[in-house]
Amino acid sequence: DTARAESPSGSAMERRNFSFMRSTPAGLLISWATPAASLPMAALFSLAAAAFFGVGDFCGAQASKRTTVVTVVTGSHVIGLVLFLVLAPGLAERFDGGDFVAGMFGGLSGLVGITLLYRGLSTGPMAVVAPIAAVTNAAVPALWGVAFGERLTPMQLAGVVLGLVAIVLVSRPPEAAGPVTVRLL
């Protein structure tokens, strides 16, 4: 399932090349292709994931205002576990101990992260907490990829920088912001 390919710089690199179609128990058809061909699908999946996370975060924040954060996080994770146990067996190509350890750390990080997010959303202004969480959520994996050899395009780098600037601007206290004038626009 792996193939050797030439990178734009001419060096050989290994990439996944799945060119088959697969039907899952849920009846979904998933197509895996070369990385370049799958970029539009990756973007579509990313947008869909962001929309679902946004709706989930909003609902979790609303619920956290009415009950404890621990109750909301526990309930959402129990529902997620049930869905995972139903869907995962049909989606996994293989599963080994390394996958389990990585998933365990990912799940633990997600649990801590969502608990802190819901706590922030239940106590602070959503207009401040949500953008900071969203930009950080996008920047950390991008910077992790850079740390392990991936290269950001100039547009991706500009997006990370603009997102970090947005965090600074959004998290300033209201009295620190001056009036918005036509000249600023």
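Above this text you will find the structure in question.
Residues numbered from 1 in each chain as written. Predicted model: local features only at pLDDT ≥ 70, side-chain atom pairs only at ≥ 80, totals over all residues. Heavy atoms only, no water.

Draft legend 1. Inspection of the overall build of the protein at higher detail. Counting its secondary structure elements, the protein contains five helices and four strands. Listing the helices and strands of the protein from first to last along the sequence gives β-β-β-β-α-α-α-α-α. The 185 residues of the protein split such that 14% are buried. Accessible surface, the protein as shown: approximately 13900 Å² in total, 72% of it carbon and sulfur. (Helix = DSSP H or I, 4+ residues; strand = E, 2+ residues; numbered from the N terminus. Buried < 20%, exposed > 50% of the residue type's maximum accessible area, 1.4 Å probe, protein only. Areas by Shrake-Rupley, 256 points an atom, 1.4 Å probe, with all protein chains shown as cover.)

Draft legend 2. The arrangement of the nonpolar core in detail. By size, the foremost hydrophobic cluster in this structure holds nine residues: Ala 61, Val 69, Val 72, Val 73, Ile 114, Leu 117, Tyr 118, Leu 121 and Val 129. Going through the elements one at a time, α2 (69-91) and α3 (97-123) are the ones with two or more residues in this core. Broken down by element, this core gets its largest block of residues, four residues, from α3. Residues within four places of Tyr 118 in sequence aside, it is in contact with Gly 56, Asp 57, Gly 60, Ala 61, Ser 64, Val 69, Val 72 and Val 73. (Core = buried A, V, L, I, M, F, W, Y, C linked by side-chain atoms within 4.5 Å. Contact = heavy atoms within 4.5 Å.)

Draft legend 3. Main features of the packing of helix α4 (residues 126-147) against helix α5 (residues 154-170). One way to put it is that α4 packs onto α5 with a least axis distance of 9 Å and a crossing angle of 155°. Our classification of the angle between α4 and α5 gives roughly antiparallel. Crossing angle aside, the handedness with which α4 passes α5 is left-handed. Where α4 abuts α5, its residues Ala 127, Val 128, Pro 131, Ile 132, Val 135, Thr 136, Ala 139 and Ala 142 lie against Val 160, Gly 163, Leu 164, Ile 167 and Val 170. When the residues that make up the contact of α4 with α5 are grouped by side-chain class, the tally is eleven nonpolar, two polar and no charged. (Axes fitted to C-alpha atoms, helices over the stretch in contact; angles between N-to-C directions. Parallel < 35°, antiparallel > 145°, perpendicular 65-115°, else oblique. Left-handed = near helix turned anticlockwise from the far one by under 90°. Nonpolar A, V, L, I, M, F, W, Y, C, P; charged D, E, K, R; others polar.)

Draft legend 4. Examining the packing of α3 against α4 more closely. Here α3 crosses α4 at 160°, and the two axes come no closer than 8 Å. By the criterion of interaxial angle, the relationship of α3 to α4 is roughly antiparallel. Seen along the crossing, α3 lies across α4 with a hand that is right-handed. For the pair α3 and α4, the contacting residues are Leu 117, Gly 120 and Leu 121 in the first and Met 126, Val 129, Ala 130 and Ala 133 in the second. Class assignment for the residues of the contact of α3 with α4 results in six nonpolar, one polar and no charged.

Draft legend 5. Inspection of the packing of aromatic side chains at higher detail. A complete count under the given rule lists one aromatic pair for this structure. Judged by centre distance (4.8 Å) and plane angle (35°), the ring pair of Trp 144 and Phe 148 falls under tilted. For the pair formed by Trp 144 and Phe 148, the shared burial category is exposed. (Phe/Tyr/Trp six-rings, centres within 6.5 Å; stacked < 30°, edge-to-face > 60°.)

Draft legend 6. Molecular detail of the side chain of Asp 57. With respect to the element layout, Asp 57 can be found in helix α1 (residues 39-66). Here Asp 57 is buried and forms no salt bridge, its nearest opposite-charge partner Lys 65 lying at an N-O distance of 13 Å. What Asp 57 contacts, discounting residues up to four positions off in sequence, is Ile 114, Leu 117, Tyr 118 and Leu 121. (Lys, Arg positive; Asp, Glu negative; His and termini not counted. Salt bridge = Lys/Arg side-chain N within 4 Å of Asp/Glu carboxyl O.)

Draft legend 7. Highlighting a nonpolar patch on the surface. Together, Phe 95, Phe 100, Val 101, Met 104, Phe 105, Leu 108, Leu 111, Val 112 and Leu 116 make up an exposed nonpolar region whose accessible area comes to about 900 Å². Locating Met 104 in the fold gives a position in helix α3. (Patch = residues over 30% accessible without salt bridge, like charges linked within 9 Å, V, L, I, M, F, W, Y side chains within 5 Å.)

Draft legend 8. Molecular detail of α2. A rise of 1.5 Å per residue sets the reference length of α2, with its 23 residues, at 33 Å; its end C-alpha atoms lie 31 Å apart and thus fit the reference within 8%. Regarding α2, the residues found buried are Val 69, Val 72, Val 73, Ala 88 and Gly 90. (Expected span 1.5 Å × (residues − 1).)

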